[in-house]
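# Examining the three-dimensional arrangement
So the chains spell out like this:
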Amino acid sequence: QVQLVESGGGLVQAGDSLRLSCAASGLTFSIYDLGWFRQAPGKEREFVASITSSGGNTYYADSVNGRFTISRDNAKNTVYLQMNSLKPEDTAVYYCAAGSGRLFSISSYVYWGQGTQVTVSS
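Attention in this report is confined to the structure presented alongside it. (Residues numbered from 1 in each chain as written. Predicted model: local features only at pLDDT ≥ 70, side-chain atom pairs only at ≥ 80, totals over all residues. Heavy atoms only, no water.)

## Topic: the side chain of Thr-52
Looking at where Thr-52 falls in the secondary structure, it is placed in the loop between strand S5 (46-51) and strand S6 (58-60). What makes Thr-52 buried here is its relative accessible area of 15%. Those residues within four positions of Thr-52 in sequence are excluded, and the remaining contacts are Asp-33, Asn-57, Tyr-59, Arg-72 and Leu-103. (Helix = DSSP H or I, 4+ residues; strand = E, 2+ residues; numbered from the N terminus. Buried < 20%, exposed > 50% of the residue type's maximum accessible area, 1.4 Å probe, protein only. Contact = heavy atoms within 4.5 Å.)

## Digging into the side chain of Ser-108
Position of Ser-108 relative to the elements: it lies in the loop between strand S9 (92-99) and strand S10 (109-112). In this structure Ser-108 comes out as buried when scored by relative accessible area, which is 12%. Looking at Ser-108, its side chain comes within polar contact range of the main-chain oxygen of Arg-102, at 2.7 Å. With residues up to four places along the chain from it excluded, the contact list for Ser-108 reads Gly-99, Ser-100, Gly-101 and Arg-102. (Polar contact = N/O pair within 3.5 Å; in protein donor to acceptor, adjacent residues only side chain to side chain.)

## Considering the pairing of strand S8 (residues 78-83)
Within S8, five of the six residues are buried, which leaves the element mostly enclosed by the surrounding structure. Two strands pair when backbone bridges link them, and strand S7 (residues 68-73) and S8 are joined in this way by six bridges, in the antiparallel orientation. Following the sheet pairing, Thr-69 is matched in S8 by Gln-82. Between S7 and the antiparallel strand that follows it, S8, lie four residues; Asn-77 among them carries a positive phi value of about 55 degrees. (Pairing = 2+ DSSP bridges.)

Below is the structure:
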């Protein structure tokens, strides 16, 4: 079956960096667009970043643009999220997802990981 497994989360201080990874199996990874979403306590899940199947185009939420970078390695079936200059408001559970279509929209994604916690202390 399809599995997306996130890793790399943790507790860091404001200004630090983290790199999240999401390893996929059970699907033809290279044909899917990929996204990262996050959900903070008491809030709805929100779009963070996405990358097209070829890796040729990337998109970011305004709140992370310039600080986060999404990338993918189709040979390793893995998508990454490099997060720099982290802020307390970045604290959330981060999810990777695979899908196609409108990449900002949760409904465009078919497969989801279980999430990894990122906590940024001030």
